[in-house]
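Examining the three-dimensional arrangement
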Amino acid sequence: MIDIFHRLLDRYSNQNWWPADTKDEIVIGAVLTQNTAWRNVERAIENLKRSNLCSLDGINSADIDVLKENIKPAGFFNQKASYLKNIAAFFCQHGGFDGLNRLDTARLRKMLLSVKGIGKETADSILLYVFDRPIFVVDAYTKRLLKRHGIAHEAEYDQIQRIFMENLPCDVGLFKEYHALIVRNAKEFCKTRPDCSGCPLEGLL
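We now turn to the structure provided with this report. It should be emphasised that the depicted structure is a prediction, and the values quoted were computed from it without experimental measurement.

1. Some words on the layout of surface pockets
Considering only enclosed or pocket space, the largest pocket measures out at about 660 Å³ in volume. Taken together, 22 residues form the lining of the largest pocket, with T33, T36, E121, D139 and Y141 sitting closest to its centre. When residues of the lining of the largest pocket are assigned to their parent elements, the largest contribution, four residues, is made by helix 12 (residues 172-188). Residue composition of the lining of the largest pocket, grouped by class: nine nonpolar, nine polar and four charged. Empty space within the second largest pocket amounts to approximately 190 Å³. Along the walls of the second largest pocket sit 14 residues, with R148, H149, C190, C196 and C199 positioned nearest its centre. Taken together, the residues of the lining of the second largest pocket sort by class into eight nonpolar, three polar and three charged.

Next up, the structure:
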């Protein structure tokens, strides 16, 4: 697994992901990016910033119809508005970032997953990028990469996560960068219809 990382890093260099100005923005982006492209999330985030709603406190107090209107570019805006309200209330009820950061990773993950609208990928994104917990985020691009290179076929989220975490150093920075590099390579080469010629992982099979 580390060979894949180094091949991607050599090609693309550091991605410095997650692109956000605040921890609040990372949480919001992690919810908005469900089932949509990042460019759509960026448009929704821009709307929220213009409306002074790009914070968990702002979302918590916002009228839900106003919130829906702002996040329309991210799609599924009715559901996502409710999910944003849920996660904002969750942080408020548990003492915000400082209060939640006192919890161990397993407990915090379980609590995040109890919030309606927060699945494993979203919870792990929050854990890794907001709380700097060493947990690998698995997304559709990650699953595609492992399947196409014969590393895992039709594996579940937890199985794929273990493949990475059991075969890599337990390092937050590495996990962040690896995840970002997989996304970058998926956009460049490992698309829905793969363009394998020139891919940094060409010949890995």
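Having seen the model, we can carry on.
2. Considering the nonpolar core
Residues I28, L32, I87, F91, L112 and Y178 are the most contacted members of the largest nonpolar core, which totals 66 residues. Tallying contributions element by element places helix 6 (residues 77-93) first for this core, with seven residues. Not counting residues up to four positions away in its chain, the partners in contact with I87 are V27, V31, L112, V115 and I118.

3. Re the pattern of salt bridges
According to the stated counting rule, one finds nine salt bridges in the structure shown. As a salt-bridge pair, D21 and K49 come within 2.9 Å of each other at their nearest N and O atoms. Taken together, the residues span a long stretch of sequence, with D21 in the loop between helix 1 (2-12) and helix 2 (23-32) and K49 in helix 3 (residues 38-50) at a distance of 28 residues. Residue D21 is classed as exposed on the basis of its relative accessible area of 64%. By relative accessible area, which is 37% here, K49 ends up partly exposed. Measuring nitrogen to oxygen at the nearest pair gives 3.0 Å for the salt bridge that ties D158 to K120. Of this pair, D158 sits in helix 11 (residues 157-166) while K120 is found in helix 9 (residues 120-129), placing the two residues 38 residues apart along the sequence. The partly exposed category is assigned to D158, whose relative accessible area is 29%. Look at K120 and you get partly exposed, because its relative accessible area is 34%. Residues joined by salt bridges that share partners form a network here, namely D21, E25 and K49.

4. Description of the packing of helix 8 (residues 105-113) against helix 9
Between helix 8 and helix 9, the shortest axis-to-axis distance is 9 Å and the interhelical angle comes to 135°. Relative to helix 9, the element helix 8 is oriented oblique. For helix 8 against helix 9, the interelement crossing comes out right-handed. Contacts from T105, L108, R109, L112 and L113 of helix 8 reach helix 9 at K120, A123, D124, I126 and L127. When the residues that make up the contact of helix 8 with helix 9 are grouped by side-chain class, the tally is six nonpolar, one polar and three charged.

5. Considerations on the side chain of T142
By the secondary structure assignment, T142 is in helix 10 (residues 140-148). Classification of T142 as buried rests on a relative accessible area of 0%. With sequence-adjacent residues up to four places away left out, T142 is seen in contact with F136, V137, I160, F164 and I182.

6. Brief notes about the packing of helix 1 against helix 12
The geometry of helix 1 relative to helix 12 is characterised by a closest axis approach of 10 Å and an angle of 65° between their N-to-C directions. Here helix 1 lies roughly perpendicular to helix 12, going by the angle between them. Two packed elements cross with a definite hand, and for helix 1 against helix 12 that hand is left-handed. The segment helix 1 lies against helix 12, with I2, I4, F5, L8, L9 and Y12 engaging L174, E177, Y178, L181, I182, R184, N185 and E188. The class makeup of the residues in the contact of helix 1 with helix 12 is 10 nonpolar, one polar and three charged.

Conventions we followed
Residues numbered from 1 in each chain as written. Predicted model: local features only at pLDDT ≥ 70, side-chain atom pairs only at ≥ 80, totals over all residues. Heavy atoms only, no water. 1 Å grid on protein atoms, 1.4 Å probe; cavity = no way out; pocket = protein on both sides within 12 Å on 5 of 7 lines; lining within 4 Å. Points joined across faces, edges and corners; volume = space filled by probe spheres on them. Helix = DSSP H or I, 4+ residues; strand = E, 2+ residues; numbered from the N terminus. Nonpolar A, V, L, I, M, F, W, Y, C, P; charged D, E, K, R; others polar. Core = buried A, V, L, I, M, F, W, Y, C linked by side-chain atoms within 4.5 Å. Buried < 20%, exposed > 50% of the residue type's maximum accessible area, 1.4 Å probe, protein only. Contact = heavy atoms within 4.5 Å. Salt bridge = Lys/Arg side-chain N within 4 Å of Asp/Glu carboxyl O. Axes fitted to C-alpha atoms, helices over the stretch in contact; angles between N-to-C directions. Parallel < 35°, antiparallel > 145°, perpendicular 65-115°, else oblique. Left-handed = near helix turned anticlockwise from the far one by under 90°.

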